[in-house]
Number of protein chains: 2
Amino acid sequence: MSILIKNIVIGKEVKDLLIEGHLIKKIGYNIFASAEKIIDGSGKIAFPGFFNTHTHAAMTLLRGYSDDLPVLQWLQEKIWPFEAKLTEEDVYIGTKLACLEMIKTGTVFFNDMYWHFDGIVRAVTEMGIRAVVNSVVIDFNNPDNFKQQVPRILEEYEKSKDFPDTIQYAIGAHSIYVVSEYALGWIADFAQKHDITLHIHLSETEHEVDECMKFRNMRPVEYLDSTGFLENNVISAHSIWLDDHEIEILKKHKTTIAHIPTSNMKLSSGIFQYKKFTDYMEHVTIGTDGCASNNNLDMGEEMKFASCKAKMESKDPTMMDAETALKIATENGANAFGINGGKIEEGKLADLVLVNLNHHLMIPAHHHISNYVYSANSSVIDTTICNGKILMEDRTVPGEIEILKEAKDCIKNLLQK
Amino acid sequence: MSILIKNIVIGKEVKDLLIEGHLIKKIGYNIFASAEKIIDGSGKIAFPGFFNTHTHAAMTLLRGYSDDLPVLQWLQEKIWPFEAKLTEEDVYIGTKLACLEMIKTGTVFFNDMYWHFDGIVRAVTEMGIRAVVNSVVIDFNNPDNFKQQVPRILEEYEKSKDFPDTIQYAIGAHSIYVVSEYALGWIADFAQKHDITLHIHLSETEHEVDECMKFRNMRPVEYLDSTGFLENNVISAHSIWLDDHEIEILKKHKTTIAHIPTSNMKLSSGIFQYKKFTDYMEHVTIGTDGCASNNNLDMGEEMKFASCKAKMESKDPTMMDAETALKIATENGANAFGINGGKIEEGKLADLVLVNLNHHLMIPAHHHISNYVYSANSSVIDTTICNGKILMEDRTVPGEIEILKEAKDCIKNLLQK
């Protein structure tokens, strides 16, 4: 498939952009090329699509199911009992609902930690978005429990060899408090051998630090490092309650930080110390978390939260300027997974959005990126292209009415269970 | 004009709602009445429109003009020089652009502190939204300077007697650091005599407290109280850097707090201590501030920021639940200005929005208010009705293309000045 986008703002200039296959083939003035699809880009600007580096996509099904409770009560009385009912088919439907929302909000990639591997792969493949599907590990600190999960992990890893180009495999070890030391070591070795990305919730709450100190006499990052886990390409979600030594360890290993601004606020988890990562900004990315704690998957909104929080926490309004927020939400996420995307450049993957400059939230046009980060919401996004394929045009995603209906039916069923 | 809305969700039930003139006349099952306009409300929910209690509307013209700078540099080098160029016509155009954005984001009322009184009145009258137009006072602590402004204030006050029902008059004394003690006293007396609402920026920055202590040996609220200002109906914007005695003074006077969550974060001003106001929640309202520091006028987004900040600041995820956030952003704002609105009830003013329940951000429908506060953006708002008049239907505001064009032309002109 080839797509020629005419007269689109790229940076500060109006140009043409040619997509061939999965790639941005050419950017220039007055490109004359035959293309199967021509898009009139006038009055629009191209931005890279968003890379959401930490979510639990199918939790769209729990959007608004429970809020405003103390965290343990919220988990034990509401979230976990609901989740226990979910079948693979439910997760397939919930993930499609999530992909629909992501496409509508300009996201082209997500790193997903959730159960029912096959259901997720099926949904992602159908929806055409990029994703990292995780083998999830929770053994409640019982190595025997983990050993029983190994065949599943190996099986999922084998399946990943048949993944399309747009899907990657990772292992998602939930956290140091529900994954045994044995399992963390096994995962570290397996990942090293097979070059697998790892994904973990790390230092999300102060309680996690206290417990780790109590039982291991080490802080969480020190403990995780002792298992060899951090020798790999690791995505560390949250990463709030860190002391300077832990920050040093993460930087030494080039661990990717998935900063989760909104969920951290809504659950009162704590405040990410962005200022201490400004010299490491290239490895900071953004995730939305799942819809039970955010309650959406909107990376644009997440940019505004991230930037405003960085300014507030550091007492410095120059922190995380608009350009940096956009880079963190796009390019840095792509780089973390070795994906040749996240930038509008010749030779990069054609993962981009077209944003309507005639939308009231984009006017005046003093600074398009400022408007996109600080003023706009996702309704300014007109078109989403991923891997050279148009997933949304004129804000319409093929099949969206069916996906919404399926999700409603699924919920009705779940509530009757 | 009469409007009958059929089959609309109100609370947890599907009902009909009849508007006659400016008021909600009747809410019930199967209302049979002849109405000039019938709206099919099926698949929609009615919420009260938003009351934005602190903004500088015409600063839409400065959206994205300058961000991410140290506050003084931002003001002195960017914002003030640009503002100095604004004529009454520019403010008229900027205010119309603001009203357009407010209508599109479900706001039916705003309290505006900005120059060019007549331009603002003209814009607000045309757009049909409710507003409080302020006589703005800044005298740079020079009583002579203030005395020269008194005729203008009296003249504006006289003009306010001809305001339509939808517009109120107030005096906006900018702040204790650029309004003299003499002026604050004069304003306090004048307001007392004529029953005028007062509006002020109060304790927005730590610097303001330090300076007040240095020059007056009192904290800002103590000082303001000493002038008699707080004896009136006062809207105190920001109100961050307060000690317990100051909070007590504000509560004693039933001063309305205009909490400004996003701007306070973006400018690193500080964090509103919501927890200390939970027993005073009825008097807490929300404002967006102007578009130079937010950078939009979206009260829905502001609800999410307010609630997430309250949870973060208090380390308590039960703080400002979704219902409370909605009440703060609607009913409390109406009450602060003695407006019979902010609630969907018979006899209340017909100021309401219809929200699309089939929007992907409102699905699943576990909890409509949670979805509205935590998940949605303004694109879920289908219809905005103010004072019994439909200002937006199917997301379309009459004349919006012309308003956007006018704003673009105005900016082009200003940048050439």
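Residues numbered from 1 in each chain as written. Chains lettered and ligands numbered in written order. Predicted model: local features only at pLDDT ≥ 70, side-chain atom pairs only at ≥ 80, totals over all residues.

### Topic: the domain arrangement of chain A
All names here are of chain A.
Link 1 in the chain: The domain architecture assigned to chain A consists of domain 1 (2-46 + 350-400) and domain 2 (50-336).
Link 2 in the chain: On a C-alpha basis, the centroid separation for the pair domain 1 and domain 2 is 29 Å.
Link 3 in the chain: Counting from both sides, the interface comprises 19 residues of domain 1 and, opposite them, 20 residues of domain 2.
Link 4 in the chain: Counting only elements with at least two residues in the side of domain 1 that touches domain 2, the list comes to α13 (368-375), β15 (381-386) and β16 (389-392).
Link 5 in the chain: For the side of domain 1 that touches domain 2, the element with the highest residue contribution is α13, accounting for 5 residues.
Link 6 in the chain: Of the residues belonging to the side of domain 1 that touches domain 2, the class tally is 11 nonpolar, 5 polar and 3 charged. (Domains from an automatic or database assignment. Contact = placed C-beta atoms within 7 Å. Helix = DSSP H or I, 4+ residues; strand = E, 2+ residues; numbered from the N terminus. Nonpolar A, V, L, I, M, F, W, Y, C, P; charged D, E, K, R; others polar.)

### Quick notes on the pairing of strand β10 (residues 197-202) of chain B
Residues and elements named next belong to chain B.
Link 1 in the chain: In terms of residue burial, β10 counts as a mostly covered element, since 6 of its 6 residues are buried.
Link 2 in the chain: The alternating pattern of β10 places T197, H199 and H201 and L198, I200 and L202 on opposite faces, both of which are buried.
Link 3 in the chain: As paired elements, strand β9 (residues 167-175) and β10 share 5 bridges and run parallel to each other. Residue pairing across strands places S175 opposite H201, the latter belonging to β10.
Link 4 in the chain: Strand direction decides the pairing type here: β10 and strand β11 (residues 234-238), joined by 5 bridges, are parallel. Residue pairing in the sheet places L202 in a bridge with H238 of β11. (Buried ≥ 20, exposed ≤ 12 C-beta atoms within 10 Å, placed from the backbone. Pairing = 2+ DSSP bridges.)

### Examining the interface of chain A and chain B
Link 1 in the chain: Contacts between the two partners involve 48 residues from chain A, matched on the other side by 48 residues from chain B.
Link 2 in the chain: When contributions to the side of chain A that touches chain B are tallied by element, the ones reaching two or more residues are α2 (88-104), α9 (261-266), α10 (299-314), α13 and α14 (400-416) of chain A.
Link 3 in the chain: The residue makeup of the side of chain A that touches chain B, split by class, is 20 nonpolar, 16 polar and 12 charged.

### What about the nonpolar core?
Link 1 in the chain: Core analysis: the biggest nonpolar cluster contains 268 residues, and I129 and I187 of chain A together with I129 and I187 of chain B have the highest contact counts within it.
Link 2 in the chain: Sequence-distant contacts of I129 of chain A, defined by excluding residues within four places in its chain, comprise C99, M102, I103, V108, F109, V124, C386 and L391 of chain A. (Core = buried A, V, L, I, M, F, W, Y, C linked by C-beta atoms within 7 Å.)

### Some details on helix α3 (residues 117-127) of chain B
Residues and elements named next belong to chain B.
Link 1 in the chain: Turning to α3, its buried residues number three or more, namely F117, G119, I120, V121, A123, V124 and M127.
Link 2 in the chain: Buried residues in α3 make contact with α2 (88-104), β7 (107-112), β8 (130-137), α4 (143-160) and β9.
Link 3 in the chain: Where α3 terminates, the next one or two residues include G128, which has phi positive at roughly 80°.

### Structural notes on the relation of the copies chain A and chain B
Link 1 in the chain: With an RMSD of 0.0 Å, chain A superimposes on chain B once it is rotated by 180° and translated 0.0 Å along the axis. What the superposition gives is, in effect, a two-fold axis relating one chain to the other. (Least-squares fit on C-alpha atoms with pLDDT ≥ 70 in both.)

### Points about the packing of α10 of chain A against helix α11 (residues 322-329) of chain A
Residue and element names in this part refer to chain A.
Link 1 in the chain: Here α10 crosses α11 at 130°, and the two axes come no closer than 10 Å. When the axes of α10 and α11 are compared, the pair comes out oblique. For the pair α10 and α11, the sense of crossing is right-handed. When α10 is examined against α11, the residues M299, E302, M303, A306 and S307 are found in contact with a partner set consisting of A322, A325, L326, I328 and A329.
Link 2 in the chain: A breakdown of the residues in the contact of α10 with α11 according to their chemical character gives 8 nonpolar, 1 polar and 1 charged. (Axes fitted to C-alpha atoms, helices over the stretch in contact; angles between N-to-C directions. Parallel < 35°, antiparallel > 145°, perpendicular 65-115°, else oblique. Left-handed = near helix turned anticlockwise from the far one by under 90°.)

### Points about the sheet that holds β10 of chain B
Residues and elements named next belong to chain B.
Link 1 in the chain: In space, the 8 strands of this open sheet follow the order β6-β7-β8-β9-β10-β11-β12-β13, with parallel pairing throughout. Strand pairing shows two members of the sheet lacking a second neighbour, β6 (50-55) and β13 (284-286), which therefore form its edges. Strand-to-strand twist across the sheet, computed as the mean angle between neighbouring axes with direction ignored, equals 25°.
Link 2 in the chain: In this sheet, β9 lies alongside β8 in parallel orientation, the contact comprising 7 bridges.

### Notes on the environment of M312 of chain B
Link 1 in the chain: For M312 of chain B, the position within the fold is in helix α10 (residues 299-314).
Link 2 in the chain: Through-space distance from the C-alpha of M312 of chain B to that of P220 of chain B is 26 Å; in sequence the pair is 92 residues apart.
Link 3 in the chain: Setting aside residues no more than four positions away along its own chain, M312 of chain B makes contact with M265, S268 and I271 of chain A.

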